[in-house]
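Remarks on the overall topology
So you can see what is in the structure, the chains are spelled out below.
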Amino acid sequence: MRLRPATDSDDTAASRFETDLVISAIHQYCGQDFSGYSLKSIQRLLENILYDEELTHLSELIPKIVHQEKFQRSIIDKLTVSYSQLFRDPDLFLQLKKHILPLFSSYPRISLWVAGCATGEEAYSLAILLEEAGLLDHSQIYASDISAKALAAAASGTLKFNLTDLDEQRYLASGGSKSLADYFSSTPDPVLNKRLLSRIIFERHDLANQASFISAQLVLCRNVFIYFDRDLQNKVLALLLNSMTSRGYLAVGIEESIGFCSNIEKLELVSRKAGLYQKRSLRKL
């Protein structure tokens with residue numbers, strides 16, 4: 001009997017099968033469930049690991065996951081994207097400075113959550129914004145991420161790179177009134193001012209598998225939804241809504257769309273350009 005030649009669909013099925021095996025092994029031996037992540041995103045990240053490990057097939061990762069403790073500890077960090085910038089997307093921060101933070105000025109305590117904080121630059125940006133608005137002393141920023149490695153870097157307050165003219169431009173476009181250099185030490189590496197850093201609590205938290213732990217007036221969960229499949233996006237949005245006070249605000253990535261999520265009717269769009277939403281009051285639902 002002649003065997004039919006392999007097709008692209010066969011390769012796709014085999015790749016999906018291997019991906020599922022690897023995800024199952026990670027869940028069993030590392031305690032982390034990636035089953036709700038976008039297939040395209042998780043396969044791309046696994047391909048990067050294959051390249052780093054000089055392997056050919058995804059299934060070759062399984063013995064490492066099962067038998068190598070060092071690899072077990074590192075794979076979660078390798079499967080998360082820890083990229084951030086100071087004042088990334090200035091339109092959002094300008095909206096916060098002009099329209100949202102003034103509303104918070106009468107609150108005795110302000111809670112803000114940066115979900116998926118990566119290496120911390122977004123939390124640092126919020127702290128600077130609050131300082132310039134005179135609100136830092138009665139504010140608490142919670143910054144969370146699934147990656148212990150990224151959290152350790154964020155908690156240090158240390159930037160990976162020196163401040164650049166582009167950083168300064170984004171800060172000024174966000175309504176900054178001083179200079180970014182005023183908030184960071186200059187040697188040997190830029191480190192966030194201790195006063196600002198002290199207002200940030202860094203917590204390991206898995207949006208996909210852990211419950212809400214906060215009630216916040218503002219939640220930033222930016223460029224995170226793109227890594228989840230539809231079901232997990234619905235689940236995470238429900239968690240974020242449960243983490244927001246009535247009429248609280250949610251910011252997502254400007255390239256992300258949550259309009260198809262099952263709970264979207266609980267939010268009203270404030271600014272598409274800034275990716276900013278406000279939670280509807282209960283009486284309007």
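Before any of the text, the structure's been laid out above.
Now for a quick tour of the structure. Numbers given for residues are sequential positions, taken from 1 along each chain in its written order. Confidence filtering applies because this is a predicted model: local features only for residues at pLDDT of at least 70, side-chain atom pairs given and counted only at 80 or more, and all residues used for totals across whole chains, interfaces and linings. Working from all heavy atoms in the structure, the side-chain values ignore hydrogens and water.

**So, the overall build of the protein**
Secondary structure follows DSSP: runs of H or I at least 4 residues long count as helices, runs of E at least 2 residues long count as strands, and numbering of each begins at the N terminus. Counting its secondary structure elements, the protein contains 10 helices and seven strands. Against the globule reference of 19 Å for 285 residues, the protein gives a C-alpha radius of gyration of 21 Å, in line with a compact fold. Buried means the residue's accessible area, taken with a 1.4 Å probe over protein chains only, is under 20% of the maximum for its type, while exposed means over 50%, and partly exposed covers the values in between. Buried residues in the protein amount to 49% of all 285 residues. Counted over contacts in the protein with a minimum sequence separation of 6, partners at least 24 positions apart contribute 75%. Each accessible area is a Shrake-Rupley result for a 1.4 Å probe, and residues are judged covered by the shown protein chains and nothing else. Split by element, the accessible area of the protein, about 14,400 Å² in all, is 51% carbon and sulfur. The charged-residue count follows a simple rule in which Lys and Arg add positive charge and Asp and Glu add negative charge, with His and chain termini not counted at all. For this purpose, a charge sits on NZ of Lys, CZ of Arg, CG of Asp or CD of Glu. Averaging the locations of the 32 positively and 34 negatively charged side chains of the protein gives two centres separated by 7 Å. Radius of gyration means the value over C-alpha atoms here, while the globule rule gives 2.2 Å times the residue count to the 0.38 power. Should any heavy atoms of two residues lie within 4.5 Å, those residues are considered in contact.

**Topic: the pairing of strand E5 (residues 244-251)**
By this definition, two strands are paired if DSSP reports at least two bridges between them. Bridge analysis of strand E4 (residues 216-220) against E5 gives four bridges, and the strand direction is parallel. For Val219, the partnering residue across the bridge sits in E5 and is Leu250. Bridge count for E5 against strand E7 (residues 276-279) is three bridges, and the pairing is antiparallel. Counterpart to Tyr249 in the pairing with E7 is Gln278.

**Topic: the packing of helix H2 (residues 39-53) against helix H4 (residues 69-78)**
To get an axis, a line is fitted to the C-alpha atoms, and for a helix only the part in contact is used. The angle between two axes follows their N-to-C directions and goes from 0 to 180 degrees. Relative to each other, H2 and H4 sit at 135°, their axes nearing to 10 Å. Relative to H4, the element H2 is oriented oblique. You can see that H2 and H4 cross each other, and the crossing is right-handed. Residues Leu45, Ile49 and Glu53 of H2 form the contact with H4, whose own contacting residues are Phe71, Ile75 and Lys78. Under this grouping Gly is polar, as are all residues other than the nonpolar Ala, Val, Leu, Ile, Met, Phe, Trp, Tyr, Cys and Pro and the charged Asp, Glu, Lys and Arg. Across the contact of H2 with H4, the residue classes break down as four nonpolar, no polar and two charged. Note on angle classes: values under 35 degrees are labelled roughly parallel, values over 145 roughly antiparallel, values of 65 to 115 roughly perpendicular, and the remainder oblique. Crossing handedness follows the turn of the near helix against the far one: under a right angle anticlockwise gives a left-handed crossing, and clockwise gives a right-handed one.

**Here's the deal with the side chain of Gln43**
With respect to the element layout, Gln43 can be found in helix H2. Leaving out residues up to four positions away in the same chain, Gln43 has contacts with Ser15, Arg16 and Thr19.

**Quick word on the pattern of salt bridges**
Between Lys or Arg on one side and Asp or Glu on the other, a salt bridge is scored when a side-chain nitrogen of the former is within 4 Å of a carboxyl oxygen of the latter. This model, assessed by the stated rule, comprises 11 salt bridges. A salt bridge links Glu53 to Lys64; the nearest nitrogen and oxygen atoms lie 3.2 Å apart. Here Glu53, found in helix H2, pairs with Lys64, found in helix H3 (residues 61-67); they are 11 residues apart in sequence, far enough to count as distant. Exposure remark for Lys64: the relative accessible area of 16% places this residue in the buried category. One salt bridge connects Arg222 with Glu122, and the closest N-O pair in it is separated by 2.4 Å. Of this pair, Arg222 sits in the loop between E4 and helix H10 (230-242) while Glu122 sits in helix H6 (residues 121-132); the two residues are 100 residues apart in sequence, bridging distant segments of the chain. Among the charged side chains, a network of salt bridges with common partners joins Glu53, Lys64 and Lys78.

**Some thoughts on the nonpolar core**
Take the buried Ala, Val, Leu, Ile, Met, Phe, Trp, Tyr and Cys residues and link them wherever side-chain atoms come within 4.5 Å; each set so joined is a nonpolar core. Ranked by size, the top nonpolar core spans 46 residues in total, and within it Trp113, Leu240 and Leu250 carry the most contacts. For this core, the elements supplying multiple residues, two or more each, are helix H1 (8-30), H2, H3, H4, strand E1 (110-115), E4, H10 and E5. In terms of nonpolar packing, the next biggest core, distinct from the first, is built from 41 residues, Ala123, Ala143, Leu220 and Ala251 among them.

**Thoughts on the packing of aromatic side chains**
Here is the rule: rings of Phe, Tyr and Trp (six-membered ring for Trp) pair when centre to centre is within 6.5 Å. Planes less than 30 degrees apart are stacked, more than 60 are edge-to-face, and the remainder are tilted. In this structure the tally under the stated criterion is eight aromatic pairs. Here, a charge over a ring means that NZ of Lys or CZ of Arg falls within 6 Å of the ring centre while also lying within 35 degrees of the ring normal. The side chain of Lys64 reaches across the aromatic face of Phe71, ending 5.8 Å from its centre. Sitting above the plane of the Phe260 ring, Arg230 keeps its charged end 3.9 Å from the centroid.

**With respect to the sheet that holds E4**
The strands making up a sheet associate through backbone hydrogen bonding, with each pair oriented either parallel or antiparallel. Spatially, the seven strands line up as an open sheet ordered E3-E2-E1-E4-E5-E7-E6, and their pairing is mixed. What marks the edges here is a single partner per strand, and that holds for strand E3 (200-204) and strand E6 (267-271). Sheet twist, expressed as the mean angle between neighbouring strand axes with direction ignored, is 20°. Two elements, E1 and E4, share three bridges in a ladder whose sense is parallel. Paired with Leu112 across the two strands is Leu218, which belongs to E4.

**A word on unusual backbone geometry**
For Phe87, which is not glycine, the phi dihedral falls at a positive 50°. Positionally, Phe87 belongs in the loop between H4 and helix H5 (90-104). Overall, the relative accessible area of 1% leaves Phe87 in the buried class. Positioned with a positive phi, Asp89 is a non-glycine residue whose angle comes to about 60°. Within the fold, Asp89 resides in the loop between H4 and H5. Judged by relative accessible area, Asp89 falls into the buried class, the value being 19%.

Just geometry here; none of it tells us what the structure is for.
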